[in-house]
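Secondary and tertiary structure notes
Now for the letters of each chain:
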Amino acid sequence: MRKHYLDNIRWATVVIVVLYHVVYMYNAEGIVGVVGRITDLDVQYQDLFQYIVYPWIMMLLFMVSGISSRLYLEKHTGREFIRSRTRKLLVPSTLGLLAFQFIQGFINASISGVLERNPAIPAAAKFVIAVLSGIGVLWYIQILWVFSLLLVPLRGLEKDRLWQACGKACDRAALPLLIALLLPVYGAAQVLNTPLIVVYRFGLYGFVFLLGYFVLSHDAVTAVLCRCFPLFLAAALALGTAFCLRTFGRNYADNPVYRSPLFISYGYAACLAIIGGTAKYGDVSTGFTRWMHRRSFGLYVFHYLGISAVGLFIGKPGLLPAPAVYALSLLAGFTGGYLLNGLISRIPVYRWFVLGIRSKP
């Protein structure tokens, strides 16, 4: 039986990612690569939204990806898994850069001023810059492909012994195990972090991906998360409040904030609360949820183009008041994402490059 709550977590989290990127585009925390502050406010309280969601949005997606990988591999071979993930993840984040995402790269480079500061750059070099800058939000599917690729030989070595051992441990003491796992999650957050492009957190995201696969995929754990949802929700609310009060105004996306105990503990507690709460109350499938789920990947791939285009052409030169820029960015993120997904998903061959959709479904 399909676990609809995983689908619902996925599309709902992507919606939150879109909202996050609208606020992020005009943040006042000095994060580079975006337009930045466009208001005359001493304090941009809307920026608080970033602090509320950033510690857990991507951690949650990697956990869910780990759970989903386990469910997929129960019915498919390792070869089928790699082939499917390569088409869906690697192709759009590599060949898709050359086919479409270089457009996003030119906009990103223009926002950061790289091309303006270096007008003598040859056209070929500008295209290379655009291709690399076009990775943007695709970093997630790039490293998810790496984790998926490594998972298959790991399965071959452990032959389900580790998964079964985790299941037995969860049957005996799932709640203490989930609480204790916070320590290795924190430890993983301290290692394998790329120094310049901070989103590539191979330690943290790799560990929570495997945590999803080996631990959270067990029905006994899901039952405990459902039963203890109020506990994890209360912990997440308390830790989230403390995190926002302590770090608001600082760069939440870089060291030392994003490796701090408070950041990790809040993110971890929020993930468990969301999984438990959605499994308990959101394990449903309706016409709306199916529509959202089917288009969530396309929305993720394309949403930032509309947001950044509004930022570059309207927000940066100050053509409209700040509230209108925020609203227009939000509209462009959703409508642009859905329209581009609807258009490109219908173009044979090209959709394979950009979205990993097979020519013959």
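Just above, that's the structure.
Residues numbered from 1 in each chain as written. Predicted model: local features only at pLDDT ≥ 70, side-chain atom pairs only at ≥ 80, totals over all residues. Heavy atoms only, no water.

Details of unusual backbone geometry
Here is the rule we go by: Counting from the N terminus, the helices are DSSP H or I runs at least four residues long and the strands are E runs at least two residues long. A simple rule labels every residue: compare its accessible area, found with a 1.4 Å probe on the protein chains alone, to the largest value its type can have, and call it buried under 20%, exposed over 50%, or partly exposed in between.
Note that the residue after Asn255, namely Pro256, is joined by a cis bond; omega there is 10°. The phi dihedral of Asp160 is positive, around 70°, even though this residue is not glycine. Note that Asp160 resides in the loop between helix 6 (139-158) and helix 7 (161-180). Note on Asp160: relative accessible area 22%, which makes it partly exposed. Non-glycine residue Leu192 carries a positive phi angle of around 55°.

Some points on helix 2 (residues 48-73)
Quick reminder of the rule: An expected span of 1.5 Å times one less than the residue number is assigned to each helix. Two axes enter the definition of the bend at a residue: one is fitted to the seven residues ending there, the other to the seven starting there, and the bend is the angle between them.
With 26 residues, helix 2 extends 39 Å between its outermost C-alpha atoms, agreeing within 8% with the 38 Å of an ideal straight helix rising 1.5 Å per residue. The sharpest bend along helix 2 comes to roughly 40°, located at Tyr54, with the proline Pro55 sitting one to four residues further on.

Here we look at a nonpolar patch on the surface
Note the following rule: Only residues above 30% relative accessible area that lack a salt bridge enter a patch, with like-charged residues linked at up to 9 Å and the nonpolar side chains Val, Leu, Ile, Met, Phe, Trp and Tyr linked at up to 5 Å. Per-residue and other accessible areas were derived by the Shrake-Rupley procedure at a 1.4 Å probe size, with only the shown protein chains allowed to occlude residues. Put simply, a salt bridge is a Lys or Arg side-chain nitrogen that is within 4 Å of an Asp or Glu carboxyl oxygen.
A contiguous nonpolar patch, built from Leu95, Leu98 and Phe127 and spanning about 250 Å² of accessible area, is present on the exposed surface. As for its placement among the helices and strands, Leu95 is situated in helix 3 (residues 78-112). A relative accessible area of 33% means that Leu95 is categorised as partly exposed.

Things to note about the pattern of salt bridges
As enumerated under the stated definition, the model contains five salt bridges in all. Residues Asp219 and Lys3 are paired through a salt bridge, measuring 3.0 Å at the closest nitrogen-oxygen approach. One end of the pair, Asp219, is in helix 10 (residues 219-227); the other, Lys3, is in the segment before helix 1 (4-25), and 216 residues separate them in sequence. On the basis of relative accessible area, Asp219 is assigned to the exposed category, the value being 57%. Given the relative accessible area of 18%, Lys3 is considered buried. Close ionic contact of Arg70 with Glu74 constitutes a salt bridge, the shortest N to O distance being 3.4 Å. Salt bridges here are not isolated pairs; linked through shared partners, they connect Arg2, Asp7 and Arg10.

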